[in-house]
Amino acid sequence: MSGIVGWISWEADLTREGARLEAMGATLKNRGPDGQGIWLSPHAALGHRRLGGDGTGPTQPLVRHWSGETLALVWDGQLYNGAELRSELAARGHPLPDPSDGELILAAYAQWGAQGLSRLNGVFACAIWSTRRERLFLARDPLGVKPLFYAARPGAFLFASELKALLAHPAVEPALDREGLAEVLVLGPARTPGHGIFRGVAELRPGAWLEAGRDGLKSGTYWRLESRPHPHDLATTLDHVRALLEDAVARQVPREAPIASLLSGGLDSSAVSALAARHRQRRGGPLLTFSLEHAGNETHFQPDEFQPAADGPWARRVAAFLGGEHREVHLEPADLVAALPAAAEARDLPGMADVDASLYLFAQRIRTAAPVALSGEGADEVFGGYPWFWRPQDLEASTFPWVRRLPARLALLAPEVVAELQPHAYLERRYREALEEVPRLAGETPDEARARERLYLTLTRWLPVLLDRADRMSAAAGLELRLPFLDPRLVGYVWNVPWALKALDGVPKGLLRRALAGLLPPEVLERRKSPFPKTHHPAYLAAVRGWLLEILADRSSPLLGLVDRRHLVRLLQKEAPDLDVPFFGQLMRLPQLLAYLIQLDHWLRRYRVQLP
């Protein structure tokens, strides 16, 4: 993990702009607290922030000479197929004894150009400047695990790992147009892929590349979900899924650095932890597991359709089965409340409220013991584990299935804001755009086609919300989080497994459960999905309710121009407020809705956001 920034200008002399570039890079200090580097040339300025445990090798920017031209690279990420790539490059005349990942990326680009991206197995956001052609090349990993934003301006081009670094340049203002505001108030905390929220800012989409030159921008896609008939029977499919996951975990466990694993006791994190523990044992090293506990949940947790069981007992059961060292991190409601502003600044946007804040605090504690951690994130998206793959009312919904109770949520907004944004029409347009992208497969039954739609929506519209959360919260704590379930080989393979096999035995993730037979105790393999733990303590609701009332009483609050203040105050003054059902995904209920508004107020103030 690291942070990258860059400024390209075909008009100015950027050799004089070191201070400006360093200021942009300084905003990413948490992503790379262990070092920094800049490289200046007349038309390109590149910056890098380094995390010491990320294994990226030589100091960046990395500058090398290939076939008569100078290439300069900055990148964030990790490659997992370095040995294979090194052999292939050596066979083509690029001997690279014990190269860093950055050296491999540069050599692959020099050899194959954009086509070399398909040979990289890893997570990355990279930028390569060619001094001879005066062109910048950007690329992002297939699933978008690593972030990359950019802004094109007359005669100039800017890019960075996070929005805050772009905003540190005077050419990029924290201004919203009507569409950006709709992203925050209607889709938020989700975002449309490629949307940078602020006016004139974009995000490079997963699996894509972009070139910027004097003649403008050129872009392409090197990886996408492709639909084709599944070639294997059940037994072969199970073997293939198990082998792909085992290989992904093995590649992502570092050889020497200490490593931790997030363990909830659910199927996904338990599988990753078990495979990682086996791999570490073969090398003579332990695996340290961490679980998260919220104070008071042993008293206040009430099982429901979305959270059927508390995680604590399950995490301890799996940890005992694995036999490694296990640590529990306990968070108080006051911890979560205090971390709401920091979580919003880490994401650069109002986000998943205490669901973000808890991961931020959790990552801080893990980072004291290990620089790298594994997570089971992504399994529900790949194998179809969410309720909206199974609940009839969700299957019949004609919108994103994680968007719930939209009318009640819109009632919190000022009527003039609703009239201006036309939220139902905006949501419908974004939903139809997503459906038009779905790679169809001829001959599928209606049920299979509908399942493919749901999987595509989940992988391309829901998963990015969680990847933003995973990357920004871990990066803010200086922790590198690795996600084996999102190995593109596994994702691409399972994408084409028919839904009837994914739903094997009539249970969510039935295919994965069967593929992991023998790895975990049967009761863990059969455990129902329970999402990332959140607090159920009434003190948290009381705290965010009180904080939001203070904001609404502050006439200088920028939030007042967006919400129906009287309606909100009446809602907050009720003993049993309405809306205490999930309004976004599975976790975000009334306390999280109130916390989202608190984060929105903080973001508007802290970033000095200019509203349309």
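The paragraphs below set out a description of the structure included in this document. (Residues numbered from 1 in each chain as written. Predicted model: local features only at pLDDT ≥ 70, side-chain atom pairs only at ≥ 80, totals over all residues. Heavy atoms only, no water.)

What about the sheet that holds strand β6 (residues 122-130)?
Strand pairing in a sheet is mediated by backbone hydrogen bonds. Such pairs are either parallel or antiparallel. The six strands are arranged β4-β5-β6-β7-β11-β12 in an open sheet whose pairing can be described as antiparallel. Of all strands in the sheet, those bounded by a partner on one side alone are β4 (62-66) and β12 (216-221). The mean inter-strand angle of the sheet, taken between neighbouring strand axes irrespective of direction, is 20 degrees. In terms of strand pairing, strand β5 (residues 69-79) meets β6 through nine bridges, oriented antiparallel. The residue bridging Gly77 from the neighbouring strand is Phe124, located in β6. Most of the contacts of helix α3 (residues 101-112) go to β5, to which it runs at about 125 degrees, and overall it touches β4, β5, β6, β7 (135-140) and β11 (208-213). (Pairing = 2+ DSSP bridges. Helix = DSSP H or I, 4+ residues; strand = E, 2+ residues; numbered from the N terminus. Axes fitted to C-alpha atoms, helices over the stretch in contact; angles between N-to-C directions. Contact = heavy atoms within 4.5 Å.)

Brief notes about empty space enclosed by the protein
Any space left empty among the atoms is revealed by the rolling of a water-sized probe across them. Inspection of the entire model under this criterion finds ten cavities of 30 Å³ or more. In this structure, the largest cavity occupies an estimated 640 Å³ of space. Together, 42 residues line the largest cavity, and Glu377, Lys529, Ser530, Pro531 and Phe532 are the ones closest to its centre. Listed by contribution, the elements that provide at least two residues to the lining of the largest cavity are α7 (267-282), β14 (288-294), α9 (312-322), α11 (354-367), α12 (379-383) and α17 (446-476). Residues of the lining of the largest cavity, tallied by class, amount to 20 nonpolar, eleven polar and eleven charged. (1 Å grid on protein atoms, 1.4 Å probe; cavity = no way out; pocket = protein on both sides within 12 Å on 5 of 7 lines; lining within 4 Å. Points joined across faces, edges and corners; volume = space filled by probe spheres on them. Nonpolar A, V, L, I, M, F, W, Y, C, P; charged D, E, K, R; others polar.)

What to know about the sheet that holds strand β15 (residues 325-331)
An order of β15-β14-β13-β16-β17 is seen for the five strands of this open sheet, with the pairing classed as parallel. Either end of the sheet is taken by a strand with one partner, and the two such strands are β15 and β17 (480-482). Pairwise comparison of adjacent strand axes, ignoring direction, gives a mean angle of 30 degrees for this sheet. Strand direction decides the pairing type here: strand β13 (residues 259-262) and β14, joined by three bridges, are parallel. The partner of Ser261 across the bridge, within β14, is Thr289. Those strands touched by α7 are β13, β14 and β16 (372-374), and its axis lies near 160 degrees from that of β13.

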